[in-house]
Amino acid sequence: MTTLIDRTPSQTTPSSVRVTALRHALVAAGFLGDVLDDGVSLAAMSTDNSVYQIAPSVIVAPRSAEDVAVLLDVAGQGPFQQWALTARGGGTGTNGQALNTGIIIDFRRHMNRILALNLEEGWVEVEPGIVLDELNDAIGHTGLFFAPNTSTANRCTIGGMIGTDASGKGSRVFGKTSDNVLGLQVVTADARLLDSDQPSPDWASDLLAEVRAAIVSGRDGLLEKVPKLSRRFTGYDLERALADGAPLAWWRLFIGAEGTLGPVVRARLKLTPKPKNARLIVLAFDDFGTALAAAQQLLIEDPIAIETFDEQVQSLALAAGLLGGLPASVRGDGAGLTYNFVELGGEDGVRVDAQARRIAAMAANLPGCAGAHIAVDAAELKQLWSVRAASVGLLGQARGARRPVAFIEDCVVPPERLSAFVADLRGLLTTQGLSVGIYGHADVGCLHMRPALDMDSATDRARFSALSDGVYALVNQHGGIFWGEHGKGVRGEYLADFVGPVAFAAFERIKRAFDPGNRFNPGKLVSLGDRVLSIANTPMRHFNAGDADPLAKAFECNGNALCLTYAATTPMCPSFKISGDLALSPKGRAEALRAWHRQEAGVQQRDPSLPQDLYASLDACLSCKSCAGGCPTHVDIPEMKSHFLERYHVSHKRPLGDHVALLMERATPILDAFRHPIRVAQRLGGNRMIAALTGLVDLPKLAPRGHKGLGFSTSSWAGASRRAWSDTTVFVFQDSFNALFDTDAVGAICAGLVRLGYHPVILPGRSSGKAAHVKGARQSFLAQAKRLQAALIALARNGRPIVTTDAALALMLRSDYPKAGLVDLPPVLLVEEFLSARAKAGDNWPHLSGGPPQRLFLHCTEASMKPEAGREWVAIFKRLGLGVEIAPTGCCGMSGLFGHERRNADTSKALFDLSWRQVVEASDMVYATGFSCRCQVERLTNKAAQHPMQLIAQS
């Protein structure tokens, strides 16, 4: 991984002095990891996916189990003994599980490797920081997988799953995490490694004897109190840690213990064969109660899972276009339907098909069932499951001060009690004046819900507490467990009451044995000598800044951490992917922006170093907009970065490279007019001089031809607005970069349009303010944007379509202009949007003949902010008789001028290597929609890159 920002504290404080002492002591002891206490890192680590906020003093990212042992040894000495030690993985917890003061141990950043794989015995050993999907992708070729299937699988870590005993879809068949762990290695309070796969060492005999005695003292008491459900109670698992007639399995106490007994540094996991045949039956019902009742009858067929969601979630999914692939009878256009998604799978495809047919036949006799649909195709299965996975995101898109809050969302009751429980739950919510969307795992009786509350309001905070108490009582009334899937965290305040005094006393003995100093995640579950954290005494983050505030989106970040997805082929978030640094993620930046905003407003104690730390973090942001497009709550870091930089540069000098970028954008017409002498200057060393003075490296050379030399019709903006044009005319609006550096792409777009029967008219390049927006020169941005807005409005009066040469420009007009108050813009279309619309209108296109399918590379902004872009391009080429496939890539690493800034050069190249290089080098031809992408390909490989319209033009 590449470290992208200088983490040296910019101010000296008592805390930073102690951190500096810790850093020096660790290095002297042989520690090889990172020690961070910059303002952005601390802000990023102070929240998770809950309402809580607890700021640590320092973040330590070890590289190995030995590093963790060194940390615990050093942290047990002198001035560091009072600091808590809390393990953290992906930070996706919904209840503050990994939030604490003191030292946060960040396992995800470096300790994310597969250590051993044994296919004969069916297990894998991993470090705790590996992401679930990353693990399963790495071993996918074996036909085996680690079965617990969480909705956060692309970002949650195995260590976090062990800490909370996570589960998810399919747990009735495959079990929870605790059912799939075979052993652990931990570091004890005295900094020694204890491994369940090795004979117990002599030094651990007294420790393990006390643990055994504690288990014996509380085991029967626990079993008397805890319901026996498939989503069993875990965390200090007295039952399985000393099963009848079995030796002590001390390591089972750590699963679900949320790090309160010590850090896990290695885990052996059981692997399960993947079902070879999969089917999905979608059953629609008239109301949620009948859907839940039907789930019990469907269990007769022993499905892998039955997932459900109610009328509110269905309505949101329908409005978002996620149900378009379903038959009308099941889709529920205009009707409030609810769904059961029934998953089947197994080795025998004939048997699985028979099961599917029987369930479809059952549907006719299920009360309230409105229809059934069987999905067999893998692509359709994936798309339909994405609907269920999108539930939390759909509910999270609420606007206003009240937003969905996770705190009662994983209650589990006996499945036969589920319908009655939901009725009582809805009644309880009604008494509080609330409604809620519900989804979850009907087969095991576990449902998710997030009531919308304004957590800045004293009234709603009181309601939050009352609802927690009420739902806890309601779950007990129905014979359930309050914590069915997402761990306890701050909700651990109910633990002593739930397990009873006998079992809880045993928990305290176990805690004291493993953590005599009460330093491992203190305040959670069991806390020696102190109160455990509770809803009433845990600090909460602030939720609202006002709709008109430019940093409002920073407050809307709910910590769901989708921006931390590990997959290289997912655009969000490039700087985090290459660094593994939470401070370089949308979540981390949003938290720091929120802290900065509150400091500037005078409502939070000022940290003098935060503005500089935040500038360093935002300077490493590529402004690619993948967060704005991919985040469930659309947290737009580039937009907020623009506003921050405007304020920051009032008192901090701009880099010379920024001034050059801003000037180059505004001077597009002048540069175009003097193209040839500038090219001569570039050949004679002009670019080297610019690099030496400004730090802008590898700048492209101006294209040899301007738009007037491309052989197509041209017009001034004023002339185009006044003249009458034919019905086939299409205005081609050049992005500044295309107009100056890549007129070959402009020509390719025009040639492709001509090939399809249209008459392109090229307009001169005109600045949009894009560079000014990225660099926070807001007044310049607004001036350029207003001029372009006026020109576009005048141009649109003649009724002809306007197509832009670069997707990022069109998407900027739709995103950043309205946020700046410029809302009366005519449509400026992406090329694929224009062609898709004309195809639907029935335009007569030629049938083209081409060779084998070509790879098409999408601009990451285009892929993020317009997810259907790839499908549109494929459909266009298919209609023409040409084959293309969308290359599976994330960000290319260029993103405007980012890749040309010397300080970002290593990051830019590393990002290209991450997901682009291998695919590019395996392609005969490279067709890329973005100018930045084509520039990066040609800069870092020996390939030439063309706009995909060239493929149409030459076929």
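Note that the structure is a prediction, hence the values are computed from the model and not measured.

Draft legend 1. Layout of the overall build of the protein. Within the protein, the secondary structure is distributed over 39 helices and 28 strands. Structurally, the protein occupies a C-alpha span of about 90 × 70 × 60 Å along its principal axes. Taking all 955 residues of the protein together, 61% fall into the buried category. Sequence separation of at least 24 residues holds for 74% of the intrachain contacts in the protein that already meet a minimum separation of 6. When the accessible surface of the protein is split by element, carbon and sulfur atoms take 53% of a total near 34,900 Å². Side-chain charges of the protein comprise 97 positive and 95 negative groups, with the mean position of each set lying 7 Å from the other.

Draft legend 2. Main features of the nonpolar core. Within the largest apolar cluster, 114 residues are counted, with the highest numbers of intra-cluster contacts made by Ile-158, Leu-184, Phe-233, Phe-464 and Phe-507. Element by element, the count of residues in this core is highest for helix H17 (residues 495-514), at 9 residues. Dropping the residues within four chain positions of it, Leu-184 is found in contact with Ile-162, Leu-194, Asp-195, Ser-196, Trp-250, Trp-251, Phe-254, Ile-255, Val-264, Arg-266 and Ala-267. By size, the runner-up hydrophobic cluster in this structure holds 38 residues, among which are Leu-551, Trp-596, Leu-614 and Met-640.

Draft legend 3. Geometry of the packing of aromatic side chains. Enumeration according to the criterion identifies 31 aromatic pairs in this entry. A ring pair is formed by Trp-725 and Phe-731, whose centres lie 5.6 Å apart and whose planes are at 90°; its orientation type is edge-to-face. You'll find Trp-725 and Phe-731 in the same group, each marked buried. One aromatic cluster is present, formed by Phe-233, Tyr-472, Phe-482, Trp-483, Tyr-494 and Phe-498 through successive ring pairs. The side chain of Arg-541 reaches across the aromatic face of Phe-543, ending 4.4 Å from its centre. The side chain of Arg-723 reaches across the aromatic face of Trp-725, ending 4.0 Å from its centre.

Draft legend 4. Representation of the sheet that holds strand S27 (residues 926-928). If you trace the 4 strands from one edge of the open sheet to the other, you get S26-S25-S27-S28, paired in parallel fashion. Across the chains shown, the open sheet's two edge strands, defined by having one partner strand only, are strand S26 (884-886) and strand S28 (945-946). Of the strand pairs in this sheet, strand S25 (residues 854-857) and S26 are connected by 3 bridges, and their pairing is parallel. By the bridge assignment, Leu-856 is partnered in S26 with Ile-886.

Draft legend 5. Just a nonpolar patch on the surface, in detail. On the surface, a cluster of nonpolar side chains totalling about 240 Å² of accessible area is made up of Ile-114, Leu-117 and Leu-119. Along the chain, Ile-114 falls in strand S5 (residues 114-118).

Draft legend 6. Structural detail: the sheet that holds strand S22 (residues 729-733). Spatial ordering of the open sheet is given by S21-S23-S22-S24, a layout of 4 strands whose pairing is parallel. In this open sheet, the two edge strands, each paired with only one partner strand, are strand S21 (713-714) and strand S24 (802-804). Sheet topology places S21 next to strand S23 (residues 759-763); 2 bridges connect them, and they run parallel. When the sheet's bridge partners are listed, Thr-714 is paired in S23 with Ile-762.

Draft legend 7. Representation of the environment of Ile-802 in the model. Tracing the chain through its elements places Ile-802 in strand S24. What makes Ile-802 buried here is its relative accessible area of 3%. In this structure the C-alpha to C-alpha distance between Ile-802 and Val-761, which are 41 residues apart in sequence, comes to 9.6 Å. For Ile-802, the contacting residues outside a window of four places in its chain are Phe-731, Phe-733, Leu-792, Leu-795, Ala-796, Pro-827, Val-828 and Leu-829.

Draft legend 8. Main features of the side chain of Glu-639. Note that Glu-639 resides in helix H23 (residues 637-648). Judged by its relative accessible area of 6%, Glu-639 falls in the buried class. Setting aside its immediate chain neighbours within four residues, Glu-639 contacts Lys-625, His-773, Arg-778, Asp-816 and Lys-819.

Draft legend 9. Summary view of empty space enclosed by the protein. Inspection of every chain in the model, using the stated rule, returns 10 cavities of 30 Å³ or more. Put simply, the largest cavity is a space of about 670 Å³. Residue assignment for the lining of the largest cavity shows that the elements contributing at least two residues are helix H21 (610-619), H23, helix H24 (656-666), helix H28 (736-741), helix H30 (770-774), helix H32 (807-819), helix H34 (860-865) and helix H38 (931-940). Of all the elements, H32 adds the most residues to the lining of the largest cavity, at 5 residues.

Draft legend 10. Up close: the pairing of strand S10 (residues 264-270). The element S10 is largely enclosed, with a buried count of 5 among its 7 residues. Inspection of the sheet shows strand S6 (residues 123-126) paired to S10 by 4 bridges, in the antiparallel sense. The residue bridging Glu-125 from the neighbouring strand is Arg-268, located in S10. Pairing analysis gives 5 bridges linking strand S8 (residues 181-187) to S10, with the strands arranged antiparallel. When the bridges of S10 are listed, Val-181 appears paired with Leu-269.

Draft legend 11. Structural view of the side chain of Asp-106. Of note, Asp-106 is situated in strand S4 (residues 103-106). Of the buried charged residues, Asp-106 lacks a salt bridge, with Arg-109 as the closest side chain of opposite charge at 5.6 Å. Of the polar contacts made by the side chain of Asp-106, one reaches the backbone nitrogen of Arg-108; its length is 3.2 Å. Contacts of Asp-106, omitting those with residues within four sequence positions, involve Met-45, Ile-59, Val-60, Ala-61, Pro-62, Arg-88 and Gly-89.

Draft legend 12. Molecular detail of the pairing of S22. For S22, a buried count of 5 out of 5 residues is recorded, marking the element as mostly surrounded by other parts of the structure. Strand direction decides the pairing type here: S22 and S23, joined by 5 bridges, are parallel. Its bridge partner being in S23, Val-732 is matched across the sheet by Ile-762. Both S22 and S24 contribute to a ladder of 3 bridges, which runs parallel.

Draft legend 13. Region of interest: the confidence of the model for the protein. Summing up the model confidence of the protein, the mean pLDDT is 91 and the portion of residues at 70 or higher is 98%. Note on residues 1-12: pLDDT under 50 across the span, and 31 contacts to partners over four residues away in sequence or across chains.

Draft legend 14. View of the pattern of salt bridges. Enumeration according to the criterion identifies 55 salt bridges in this entry. A salt bridge links Asp-302 to Arg-172; its shortest N-O distance comes to 2.9 Å. Taken together, the residues Asp-302 in the loop between helix H9 (288-298) and strand S13 (305-309) and Arg-172 in helix H6 (residues 171-174) connect sequence positions 130 residues apart. Note that Arg-654 and Asp-658 form a salt bridge whose closest N and O atoms lie 3.6 Å from each other. One exposure class covers both Arg-654 and Asp-658, and it is buried. Salt bridges here are not isolated pairs; linked through shared partners, they connect Asp-619, Arg-654, Asp-658, Lys-775, Glu-901 and Arg-903.

Draft legend 15. Seen up close, helix H29 (residues 743-755). With 13 residues, H29 extends 18 Å from end C-alpha to end C-alpha; this agrees with the ideal 18 Å at 1.5 Å per step. Every buried residue of H29 is accounted for by Thr-743, Ala-745, Val-746, Gly-747, Ala-748, Ile-749, Cys-750, Gly-752 and Leu-753. A positive phi of about 100° marks Gly-757, the residue just after H29.

Draft legend 16. Highlighting the environment of His-652. Within the element layout of this structure, His-652 appears in the loop between H23 and H24. At 3.0 Å, the side chain of His-652 forms a polar contact with the backbone oxygen of Tyr-648. There is a polar contact of 3.1 Å between the side chain of His-652 and the side chain of Ser-651.

Draft legend 17. Region of the structure containing the packing of helix H33 (residues 831-840) against helix H35 (residues 869-880). Put simply, H33 and H35 touch, their axes get as near as 9 Å, and they point 50° apart. Considering their axes alone, H33 and H35 lie oblique with respect to each other. H33 and H35 meet at a crossing whose hand is left-handed. On H35, the residues that touch Val-831, Glu-832, Glu-833, Leu-835, Ser-836 and Ala-839 of H33 are Ala-869, Glu-872, Trp-873, Ile-876 and Arg-879. In terms of residue class, the contact of H33 with H35 is made up of 6 nonpolar, 1 polar and 4 charged.

Cut-off values and rules
Here the residue numbering is sequential within each chain, running from 1 through the sequence in written order. Reporting in this predicted model follows two pLDDT cut-offs: at least 70 for local features of residues, and 80 or more for side-chain atom pairs to be given and counted; totals over whole chains, interfaces and linings ignore these cut-offs and use all residues. To obtain the side-chain values, all non-hydrogen atoms of the structure were included, while hydrogens and water were left out. Secondary structure counts use DSSP, requiring at least four H or I residues in a row for a helix and at least two E residues in a row for a strand, with both numbered from the N terminus. Partly exposed describes any residue whose relative accessible area lies between the buried limit of under 20% and the exposed limit of over 50%, with all areas from a 1.4 Å probe on protein chains only and scaled to the type maximum. In this analysis, two residues are considered to be in contact whenever any of their non-hydrogen atoms come within 4.5 Å of each other. Accessibility throughout is a Shrake-Rupley quantity obtained with a 1.4 Å probe, and a residue counts as covered only by protein chains that appear here. For the charge count, each Lys or Arg is scored as positive and each Asp or Glu as negative, with His and the chain ends excluded. For the purpose of locating charges, the reference atoms are NZ of Lys, CZ of Arg, CG of Asp and CD of Glu. By nonpolar core we mean a set of buried residues, namely Ala, Val, Leu, Ile, Met, Phe, Trp, Tyr and Cys, connected to one another through side-chain atoms within 4.5 Å. A pair of aromatic rings is counted whenever rings of Phe, Tyr or Trp (Trp by its six-membered ring) have centres within 6.5 Å, and the orientation is called stacked for planes under 30 degrees apart, edge-to-face for over 60 and tilted otherwise. For a lysine, the NZ atom is tested; for an arginine, the CZ atom; a charge sits over a ring if that atom is within 6 Å of the ring centre and within 35 degrees of the ring normal. At least two DSSP bridges between two strands are needed for those strands to be called paired. Like charges are joined within 9 Å and nonpolar side chains (Val, Leu, Ile, Met, Phe, Trp, Tyr) within 5 Å, but only among residues with over 30% relative accessible area and no salt bridge; these make up the patches. By convention in these notes, a salt bridge is any Lys or Arg side-chain nitrogen within 4 Å of a carboxyl oxygen on Asp or Glu. Here the term cavity refers to a set of points on a 1 Å grid, laid over the protein atoms alone, in which a 1.4 Å probe fits but cannot get out; the term pocket refers to an open set having protein on both sides within 12 Å along at least five of seven lines, with lining residues being those that place an atom within 4 Å of a point. Grid points are joined across faces, edges and corners, and a volume is the space filled by probe spheres set on the points. In the analysis that follows, any N or O atom pair within 3.5 Å is treated as a polar contact, provided that within protein one partner can donate a hydrogen and the other can accept it, and provided that, for residues neighboring in sequence, both atoms belong to side chains. One confidence number per residue, pLDDT, is output by the predictor and ranges from 0 to 100. In this analysis, the expected span of each helix is defined as 1.5 Å times one less than the number of residues it contains. Axes here mean lines fitted to C-alpha atoms, for a helix over just the part in contact, with angles spanning 0 to 180 degrees between N-to-C directions. Orientation categories follow fixed angle ranges, with anything under 35 degrees roughly parallel, anything over 145 roughly antiparallel, 65 to 115 roughly perpendicular, and all other angles oblique. With the far helix as reference, a near helix turned anticlockwise by less than a right angle produces a left-handed crossing, and one turned clockwise produces a right-handed crossing. Gly is placed with the polar residues, together with every amino acid not listed as nonpolar (Ala, Val, Leu, Ile, Met, Phe, Trp, Tyr, Cys and Pro) or charged (Asp, Glu, Lys and Arg).

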